[in-house]
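Remarks on the overall topology
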Amino acid sequence: MRRPRVLLTAPIHEEGIERLGNVAEVVITSKPLRKEDEVISAIRDFEAVVSMGVEPFTKRVLESSDKLLVVARHGVGYDNIDVDAATRLGIWVTTTPVEELFDAVADHAMALLLCLARRVCEADNFVRSGKWFENPFENRSLTGFGLKGKTLGIIGLGRIGSRIAERAKGFGLKVVYYDIERKTEYENRLGVEYAQLDDLLKTSDFIVLAVPLTDRTRGLISEREFSLMKPNAILVNISRGAVVDHKALVKALKNGRIAGAALDVFHTEPLPPDDEITKLGNTILTPHIAWLTEECRKAMAIAVAENVISVLRGEEPPNAINPNVKEFARNKRLRYACS
Ligand code: 8YV
C-alpha cells in the first residue's frame, strides 16, 4: 500500500511540511484553487488536503473523492467548507486555533486602526512624493484622530475580539462589544461593556468586525447599519469581506457617511485593482495578511500538520470542527485501509 498523499493548496512553513513529509507524500498545488472543478481535479487521489480558506469544499467537491479523510484548514475560518456534507461523508474538518494567530490578527487590527486614525499611509506618501519638501507646513493637512477617551465598538468578542479589547485598553479607549451571547468573563476581566448592535454603531468612533462568516453575519453591515454610524466613524474589517455589503461600504465612504475604512478582507479576493474602493483616499487596504507573522506561520503549519498526521494514524485530530464524524470516519478509514 502506497504512503498517504497530502495536498497543500499553498506553501506553508517548512516546519509543517517537514512533519507531514515524515508520514506522507506532500504535494503543493502550483496555483490557487478557486473553482469547484479545479478542487475536484486537484484532490483526486489524496487522503488529506490543507485548505487556505479560499477553496470551495462544497458537497459536490467532497462527494467527488472516495479517498479524502480530512480537510485541514490552515486557519480558523471554515466558511469555505460544507462541514455537514463532510461529516456525512466521514471526512474530518480541522482548524488551527493557535494563540499566535489570534495575537497576529489582533495586532493587525490595531495597526490598521492606528494607521487610518493617524493617516500614516497618506503621510508616508506625503514625504516620499516630495510634497512636504515643497510645502513644509502642508503637513498640517494630515491631521488625524486621537484614541484616548474615544469608543471602540467590537463586533464579535471571541478569541480575536477579546485580544483587540485588551490592546485597545492600553490606548485609553472605552470598549463596547456586540456578540450573539454575553461574554461576562471578558466583561469582568477586560472592563468591556455589552451593547446592542444598533447602540454600538451609533456610539462608536472606531468599529472592528471580528466575527466568523456565517449565515447570521453575511451582509451584517449594510446601508442601514452605515446610516447609524457617526460621521467620524472608522470601520476596521479583519473578519471576512462578505460580512460587509461592499456596495454600501463604497457608497458610505464616497458620501462621507463615515470617515474611513481599513480592510484586510474583501468581498472578492484577491481584490481587483480597478475596484472602486482602491480609488478612495479614506481607506487602507491590506491583502489578507492579518495572520501573517513568522511566529503565526510556524505555529499554524505545525498545528495543521498535527491534525493531518493524527487522522492518517487513525486518531482523532486535536482540533476537529466535527468530532461527531468519528463513527463515519472509521468506516472510511477501513475502506481506505483495505483499498
Ligand atoms: C488566513 C484566516 O488568511 O484563520 C483564518 O480564517 O483567514 C487566516 O488565518 C488563512 O487561513 C491563510 O491560511
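Since this is a predicted model, take the numbers as computed values, not measurements.

It is worth spelling out the overall build of the chain at this point. From N to C terminus, the chain includes 14 helices and 12 strands. Rg of the C-alpha trace for the chain: 22 Å, near the compact-globule value of 20 Å for 339 residues, within the 12% margin. Dimensions of the chain, computed from C-alpha atoms along their principal axes, come out at roughly 75 × 45 × 30 Å. Within the chain, buried positions represent 49% of all 339 residues. Taken as a whole, the chain presents about 16000 Å² of accessible surface, with 53% of it coming from carbon and sulfur.

Before going further, it helps to examine the nonpolar core. Proteins that are soluble and globular tend to have nonpolar side chains buried together. Counting 39 residues, the largest nonpolar core has Leu152, Ile154, Ile164, Val192, Phe206 and Ile238 as the members making the most contacts within it. Secondary-structure elements contributing two or more residues to this core are α5 (99-117), β6 (151-155), α8 (161-169), β7 (174-178), α9 (184-190), β9 (206-209), β10 (234-237) and α13 (294-312). Apart from residues lying up to four places away in sequence, isoleucine 154 is in contact with Gly161, Ile164, Ala165, Val175, Val176, Tyr177, Tyr178, Leu200 and Val208. Counting residues in each nonpolar core, the second largest holds 31 residues, with Leu213, Val244, Leu263 and Ile277 among its members.

Turning our eyes to something else, we now look at the sheet that holds β10. In spatial order, the strands read β8-β7-β6-β9-β10-β11-β12; together these seven strands make up an open sheet with parallel pairing. At either end of the open sheet lies a strand with only one pairing partner, and these are β8 (193-194) and β12 (283-285). Note that β10 and strand β11 (residues 260-263) share four bridges and pair parallel. Bridge pairing links asparagine 237 to leucine 263 in β11.

By the burial criterion, the buried members of helix α2 (residues 36-43) are Val39, Ile40, Ala42 and Ile43. Tucked inside the fold, the buried residues of α2 contact β1 (5-8), β3 (48-51) and α3 (59-63). Note on α2: the residue one or two positions beyond its end, aspartate 45, has a positive phi of about 75°.

In this section: the pairing of β3. Burial along β3 is two-sided: Ala48 and Val50 and Val49 and Ser51, pointing in opposite directions, are all buried. Here β3 runs beside strand β4 (residues 70-73); their pairing, made up of four bridges, is parallel. For alanine 48, the partnering residue across the bridge sits in β4 and is valine 70.

In this section: the site of the ligand. Around the ligand, the neighbouring residues are Met52, Arg73, His74, Gly75, Val76, Gly77, Leu101, Arg240, His288, Trp291 and Met300. Here an oxygen atom of the ligand sits 2.8 Å away from a polar atom, N or O, in the side chain of arginine 73. Considered class by class, the residues forming the shell around the ligand number five nonpolar, four polar and two charged.

Overall, parallel pairing links the five strands, which are arranged β2-β1-β3-β4-β5 in an open sheet. Looking at strand neighbours, the two that pair on one side only are β2 (25-28) and β5 (92-94), the edges of this open sheet. Here the average twist between neighbouring strands, direction ignored, is 15°. In the packing of α13 onto the sheet, the strands contacted are β1, β3, β4 and β5, and the crossing angle to β4 comes to about 165°.

Conventions we followed
Residues numbered from 1 in each chain as written. Predicted model: local features only at pLDDT ≥ 70, side-chain atom pairs only at ≥ 80, totals over all residues. Heavy atoms only, no water. Helix = DSSP H or I, 4+ residues; strand = E, 2+ residues; numbered from the N terminus. Rg over C-alpha atoms; globule rule 2.2 N^0.38 Å. Buried < 20%, exposed > 50% of the residue type's maximum accessible area, 1.4 Å probe, protein only. Areas by Shrake-Rupley, 256 points an atom, 1.4 Å probe, with all protein chains shown as cover. Core = buried A, V, L, I, M, F, W, Y, C linked by side-chain atoms within 4.5 Å. Contact = heavy atoms within 4.5 Å. Pairing = 2+ DSSP bridges. Near = heavy atom within 4 Å. Polar contact = N/O pair within 3.5 Å; in protein donor to acceptor, adjacent residues only side chain to side chain. Nonpolar A, V, L, I, M, F, W, Y, C, P; charged D, E, K, R; others polar. Axes fitted to C-alpha atoms, helices over the stretch in contact; angles between N-to-C directions.

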